[in-house]
Amino acid sequence: MRTAALTSGPTKTIVARAPKRNDDRVILHFDYDCFYASVFENANPSLKGLPLGVKQKSILATCNYAARARGVKKLMLISEAQKICPELVILNGEDLTPFRNTSKKLWSFLRSHSWNGRVERLGLDEVFLDVTDVVTYNQELLNRNALQDSFFQLSRQDPEKGFSFDATHFFGCVHPSLGPKDNVLILDSPLCVRMLLASHLAGYLRLKLEEDFGYTSSGGVSTNKTLAKLAGSVNKPKNQTTLLSLRDNDIQDFMDSHKLRQIPGIGSRIAQLIQDHVLSTKTTGDLHDLEIGAKVTVGQVRRHPGMSADQLERILDRPGAERGSGEKVWNLLHGVDATEVKEASDVPTQISIEDTYMSKPLNTPAEITRELRTLATSLVRRMRVDLVVEDDPDPTDPTSQCQQRWAAYPKTLRLSTRCRPKPGTTSASTPAPESFSRNSRSQPLPSFVLKLKDESVEAVAERLASEALLPLFRRLHPERQGWNLALINICVTNMVMVAGSGEAGNGAGGGRDIARMFRTQEDKLREWTVYDPTPVHDTTTPFSVPVEDSAENDGWVEEKGKEKAGLEDIEDCEITTLEPIATSLDPDADAWEEEEEEKDDSFRCHLCGHAIPVFAISAHERFHSIGD
């Protein structure tokens, strides 16, 4: 902030102090080239080299570089794109399943090369990696006397796992360009050495993505997420850029050259307010206009008279604005970004499916029902892809097979909608502004959605739409028709982790897998078990509890599911193994705790007439209450 000095003489100004940047981290950014089109090209190699566009509704969502070379651009109308390029091959990309599956596969590969687990997906086609620990480890191993024969270790435990590289130069492009004198300075700067090593790691991973999976990518290497993402955009496609700061102003000059709207984290509304202040204008119309924030550069904003974090806070102050936005934007203008790369997780925080109907808004119950069923089917199918895993067969049972189970399950179902202004409510001279706000309603996710056995995706989706989504929609829109609906989004969230097949679960707080515990407990306890070889002559089975004689049970309570046997049959049978007794239904009871001593006393249940041991009375009563 510029302030006038309170002294006599000429007025002096103090320029607002620039925030300090932390360059301790090493961040890689990967952006898959023309990802949607590449998925189709990998599935059908005959499409490679042809101008290809991927449509969603009547819009060209994306296109490959062959189409862009002919003048086709993203977000064009299909009709307009076909006029510009009649030979354009157009494929339907409304089903995102193949893109999600491919994105997850590539992300898993990149995650396998992370030591700290900080691998964050941004959309379907971008990934951030924090490789600070990997690079620092290899920095200590770097031999300055044999730079051309350097070796990058990818594992602390296995020194042979890695790749050879030439440490006398960077992999890919460098910004700013290096002169002959700069090469001498690089090895004297620990930061530049880290960037050098990171450039070779990024190049190796990009090469593996192309060779092993068939996907080219662009890469950025820097010290924070914002700088890495911007650096990756400098030399696209199929290339990478390492951003250096050999001189004090290198990073700031790089930031100043960008348009305001190009900076990640600065949205259209913030860009509009800042642009209006700098240019002394008043922007009206669609905030999605590409000109918003494109008329001023970062340098123009930063050097504007009186500009500071406090000034930006006043510019951005409006109802509902986030406090501290001014300081956040001021930091971004200087290339300062302290946000961490999020740790990788196999389970998403939420799963969301939506569709838009801008050209043909929904207005009738039949249209709503049809779209809710379609979206519900996509949601259930994606839940089973992202949240369901297969357990290994039980090693003690040769006939057992892999069983599916939920690695995590969501607790909340949310429905969101957005409506366009209704026809007839505005005049031609004063059209109502388009609203991009959404209305939402939530409820607990119905339990039937989590049934996997003998439940098809379509059957579950049908019930979900009719029993949950339609009632939520009626709560959002009590009118019977005429909603002019432009968007529907359904989402499941509030994930709860479930224990894995291991005894200690998956480390996410899910607890033990009780079913597997009982299946394997005999093998676990075998070495501590003493077996009596004496033949069994007792007329009672191990699971029988003597009670008073009655005509109904002949003096015995038998294991559930077994036929009643007479005394003669019991004497003739040979007991070889003992199956586990059913455990208590009491959730607070410890399954591993055993009673110190058993009692022969028992009571007869007044509801079902069965004789129940004393220790099982409370559980049996709870069994009846659950059944009711």
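Residues numbered from 1 in each chain as written. Predicted model: local features only at pLDDT ≥ 70, side-chain atom pairs only at ≥ 80, totals over all residues. Heavy atoms only, no water.

Asks: Describe the overall build of the protein chain, listing the residues and the values that go with them.
Replies: Each helix and strand counted, the protein chain has 18 helices and 20 strands in total. Put simply, the protein chain has 628 residues, and 38% of those count as buried. Sequence separation of at least 24 residues holds for 64% of the intrachain contacts in the protein chain that already meet a minimum separation of 6. In the structure as shown, the protein chain presents an accessible area of about 36,500 Å², 50% of it carried by carbon and sulfur atoms. (Helix = DSSP H or I, 4+ residues; strand = E, 2+ residues; numbered from the N terminus. Buried < 20%, exposed > 50% of the residue type's maximum accessible area, 1.4 Å probe, protein only. Contact = heavy atoms within 4.5 Å. Areas by Shrake-Rupley, 256 points an atom, 1.4 Å probe, with all protein chains shown as cover.)

Asks: Report on the side chain of R382, specifying residues and quantitative values.
Replies: On the secondary structure map, R382 appears in helix 14 (residues 365-386). Given the relative accessible area of 18%, R382 is considered buried. Those residues in contact with R382 that lie beyond four places of it in its chain are R100, I351, S352 and I353.

Asks: Now, about the sheet that holds strand 13 (residues 350-356): what can you tell me, with residues and values included?
Replies: Pairing in this open sheet of 4 strands is antiparallel, and the strands run 13-18-16-17 from one edge to the other. The open sheet is flanked by strand 13 and strand 17 (439-444), the only strands paired with a single partner. For this sheet, the mean inter-axis angle between neighbouring strands, taken without regard to orientation, is 15 degrees. Docked against the sheet, helix 14 engages strand 13, strand 16 (408-419) and strand 18 (485-497), running at close to 150 degrees with respect to strand 13. (Pairing = 2+ DSSP bridges. Axes fitted to C-alpha atoms, helices over the stretch in contact; angles between N-to-C directions.)

Asks: A description of the sheet that holds strand 11 (residues 217-222) should follow, citing residues and the corresponding values.
Replies: Either a parallel or an antiparallel arrangement is found when strands of a sheet pair, and the pairing is made through backbone hydrogen bonds. The strand order across the open sheet formed by 6 strands is 6-7-1-11-12-10, and the pairing between neighbours is mixed. Each end of this open sheet is capped by a strand with a single partner; those strands are strand 6 (119-122) and strand 10 (173-175). Ignoring strand direction, the axes of neighbouring strands in this sheet form an average angle of 20 degrees. Bridging between strand 6 and strand 7 (residues 126-130) involves 4 bridges; their strand directions are antiparallel. Each bridged residue has a counterpart across the sheet, and for E120 the counterpart in strand 7 is F128. Contacting strand 1 (27-32), strand 6 and strand 7, helix 4 (residues 97-111) crosses the sheet at an angle of about 155 degrees to strand 6.

Asks: Requested: an account of the environment of D125, with residues and values cited.
Replies: Relative to the helices and strands, D125 resides in the loop between strand 6 and strand 7. Judged by relative accessible area, D125 falls into the partly exposed class, the value being 25%. As for D125 and F30, which are separated by 95 residues in sequence, their C-alpha atoms are 8.0 Å apart. Filtering out sequence-adjacent residues up to four positions away, D125 remains in contact with F30, D31, Y32 and F35.

Asks: An account of the side chain of S114 is needed here, citing residue identities and associated values.
Replies: Looking at the element boundaries, S114 is found in the loop between helix 4 and strand 6. Only 2.9 Å separates the side chain of S114 from the backbone nitrogen of G117, close enough to count as a polar contact. (Polar contact = N/O pair within 3.5 Å; in protein donor to acceptor, adjacent residues only side chain to side chain.)

Asks: A description of the packing of aromatic side chains should follow, citing residues and the corresponding values.
Replies: Tallied over the full model, the rule gives 12 aromatic pairs. An angle of 70 degrees between the planes, with centres 6.2 Å apart, marks the rings of F35 and Y36 as edge-to-face. Each member of the pair, F35 as well as Y36, carries the same accessibility label: buried. Chaining the aromatic ring pairs together yields one cluster made of Y32, F35, Y36, F40, F99 and Y215. Sitting over the ring of Y65, R68 keeps its end group 4.7 Å from the ring centre. The ring centre of F448 lies 3.9 Å from the NZ or CZ of R463, which sits over that ring. (Phe/Tyr/Trp six-rings, centres within 6.5 Å; stacked < 30°, edge-to-face > 60°. Lys NZ or Arg CZ within 6 Å of the ring centre and 35° of its normal.)

Asks: Break down helix 4 for me, citing the residues and quoting the values.
Replies: Along its 15 residues, helix 4 runs 21 Å from first to last C-alpha, staying within 8% of the 21 Å computed at 1.5 Å per residue. Those residues of helix 4 lying buried are F99, R100, T102, S103, L106, W107, F109 and L110. (Expected span 1.5 Å × (residues − 1).)

Asks: Would you mind going over the pattern of salt bridges in detail, with residue names and values included?
Replies: When charged atoms on two side chains of opposite charge get close, those side chains can pair. A complete count under the given rule lists 19 salt bridges for this structure. In this structure, D23 and R21 form a salt bridge, with 3.0 Å as the shortest nitrogen-oxygen distance. You can call D23 buried: its relative accessible area is 17%. For R21, a relative accessible area of 23% translates into the label partly exposed. Across the pair K225 and E120 runs a salt bridge whose closest N-O atoms are separated by 2.9 Å. With K225 in helix 8 (residues 225-232) and E120 in strand 6, the pair connects residues that are 105 residues apart, well separated along the chain. For K225, a relative accessible area of 10% puts it in the buried group. Through salt bridges with shared partners, a single network forms among D256, R302 and R303. (Salt bridge = Lys/Arg side-chain N within 4 Å of Asp/Glu carboxyl O.)

Asks: Which residues make up the packing of helix 4 against helix 7 (residues 190-213), and what values go with them?
Replies: The interhelical angle for the contact between helix 4 and helix 7, taken along N-to-C directions, is 135 degrees, at an axis separation of 11 Å. For the element pair helix 4 / helix 7, the angle class is oblique. In this structure, helix 4 meets helix 7 at a crossing whose hand is right-handed. Side by side, helix 4 and helix 7 meet where K105, L106, F109 and L110 of the first sit next to L205, K208, L209 and F213 of the second. Here the residues of the contact of helix 4 with helix 7 are counted per class, giving 6 nonpolar, no polar and 2 charged. (Parallel < 35°, antiparallel > 145°, perpendicular 65-115°, else oblique. Left-handed = near helix turned anticlockwise from the far one by under 90°. Nonpolar A, V, L, I, M, F, W, Y, C, P; charged D, E, K, R; others polar.)

Asks: I'd like a description of the pairing of strand 12 (residues 240-243), backed by residues and values.
Replies: Put simply, side chains in a regular strand alternate between the two faces of the sheet. Burial of strand 12 is two-sided: the residues Q240 and T242 facing one way and the residues T241 and L243 facing the other way are all buried. In terms of strand pairing, strand 10 meets strand 12 through 3 bridges, oriented parallel. Looking across to strand 12, one finds that V174 is bridged to T242. Where strand 11 meets strand 12, 3 bridges bridge the pair, whose relative direction is parallel.

Asks: Explain the environment of P471 to me, using residue names and the numbers behind them.
Replies: Within the secondary structure layout, P471 lies in helix 15 (residues 457-476). Owing to a relative accessible area of 29%, P471 belongs among the partly exposed residues under this scheme. P471 has contacts with A465 and S466, leaving out every residue within four places of it along the chain.

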